[in-house]
Amino acid sequence: LDHRTRRYRECLAVVRDRSKAALYHAEVPDQSVLMALRESLFVPILEDIRDELPDLKICVEHISHLDMVRYVSESDPCVSATVTPHHMEVIDRDADEDPHLQCMPYPKRHVDVLAVCTCARRHDRFFYGSDNAPHLRPTKERADRWHGMPLNEETITLVRDPWVVPDVIDLGDGNEIVPYKRGQTLDWKLVE
């Protein structure tokens, strides 16, 4: 092993020894590889890490590819994955046509979306996770127990009150963002 690889493995051993989880945005970083293949090609890397450190807890963040779904679902309980609503609905064609639906990992094929949806509903090592982390309590408790974090005692309230997602949100500092589901009517609203 070269110095960088050896140092990386030493860091992973410390993560394991402290009973923490190694969180991976599991895609090969090679820009010459098609975005649709980067997550699938990361599976052998995880297999190598698991061979060397079989008791290291690993969480694949924002899982989106059928091959990775299979890997996680067939692995032992030390391997889990987070699932985003985005990767349970948006396919590559949608993201190709609308830059506001693009994310990383880049959305995949319909078969990948179906695999993510199926495991999210049926497998307890697939749990909700997003960059802003708005979790329902049962999902949050299951995910926190897996990560060894204290349970969140706060709650949110949703009411059935249809509303239209704005096309643009002005951040007040000269910047704007285009929200997911813009222009669409949603049935539920957060009570603030």
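What counts as what
Residues numbered from 1 in each chain as written. Predicted model: local features only at pLDDT ≥ 70, side-chain atom pairs only at ≥ 80, totals over all residues. Heavy atoms only, no water. Helix = DSSP H or I, 4+ residues; strand = E, 2+ residues; numbered from the N terminus. Buried < 20%, exposed > 50% of the residue type's maximum accessible area, 1.4 Å probe, protein only. Contact = heavy atoms within 4.5 Å. Areas by Shrake-Rupley, 256 points an atom, 1.4 Å probe, with all protein chains shown as cover. Pairing = 2+ DSSP bridges. Axes fitted to C-alpha atoms, helices over the stretch in contact; angles between N-to-C directions. Salt bridge = Lys/Arg side-chain N within 4 Å of Asp/Glu carboxyl O. Expected span 1.5 Å × (residues − 1). pLDDT = per-residue confidence, 0-100.

1. Description of the overall build of the protein
Helix and strand counts for the protein stand at seven helices and eight strands. Burial analysis of the protein (192 residues in total) assigns 36% to the buried set. Pairs at least 24 residues apart make up 54% of the contacts formed inside the protein by residues separated by at least 6 positions. Carbon and sulfur atoms form 53% of the exposed surface of the protein, whose accessible area is close to 12000 Å².

2. Re the sheet that holds strand β1 (residues 21-24)
Spatially, four strands are ordered β1-β2-β3-β4 in an open sheet, and the strand pairing comes out parallel. The open sheet has two free edges, formed respectively by β1 and β4 (126-128), since each of these has just one partner strand. Going across the sheet, the axis of each strand differs from the next one's by a mean of 25°, ignoring polarity. Sheet topology places β1 next to strand β2 (residues 57-60); four bridges connect them, and they run parallel. Counted as the bridge partner of alanine 21 is lysine 57 from β2. The sheet strands contacting helix α3 (residues 43-52) are β1, β2 and β3 (79-83), and the helix crosses β2 at an angle near 170°.

3. Overview of the pattern of salt bridges
Within this structure, the stated rule accounts for ten salt bridges. With its nearest N and O atoms 3.9 Å apart, the salt bridge here joins arginine 16 to aspartate 55. With arginine 16 in helix α1 (residues 3-17) and aspartate 55 in the loop between α3 and β2, the pair connects residues that are 39 residues apart, well separated along the chain. A salt bridge links aspartate 76 to arginine 50, with the nearest nitrogen and oxygen atoms 2.2 Å apart. Of this pair, aspartate 76 sits in the loop between α4 (66-74) and β3 while arginine 50 sits in helix α3, and the two are 26 residues apart along the sequence. Where salt bridges share partners, they join Arg16, Asp17 and Asp55 into one cluster.

4. Observations concerning the environment of methionine 35
Mapped onto the fold, methionine 35 is located in helix α2 (residues 35-38). Methionine 35 gets classed as partly exposed once you look at its relative accessible area, which sits at 33%. If we ignore the near neighbours within four places in the chain, the residues touching methionine 35 are Glu27, Met104, Tyr106 and Lys108.

5. Quick word on helix α6 (residues 110-122)
An α-helical segment advances 3.6 residues per turn. Residues three or four places apart therefore align on the same side. Its 13 residues give α6 an end-to-end C-alpha distance of 18 Å, which sits within 8% of 18 Å, the value for a rise of 1.5 Å per residue. What α6 keeps buried is the set Asp112, Val113, Ala115, Val116, Cys117 and Cys119. For α6, the secondary structure elements touched by its buried residues are α4, β3 and β4.

6. Digging into the environment of proline 99
Structurally, proline 99 is set in the loop between α5 (92-97) and α6. Separated by 79 residues in the primary sequence, proline 99 and valine 178 place their C-alpha atoms 9.8 Å from one another.

7. Examining the confidence of the model for the protein
For the protein, the mean per-residue pLDDT works out to 87, and 89% of the residues sit at or above 70. This model gives residues 133-137 a pLDDT under 50, and the stretch forms four contacts once residues within four places in sequence are excluded.

8. Section: α4
Of all the residues in α4, the buried ones are Leu66, Met68, Val69, Tyr71 and Val72. In the core, the buried residues of α4 are packed alongside α3, β2, β3, α6 and β4.

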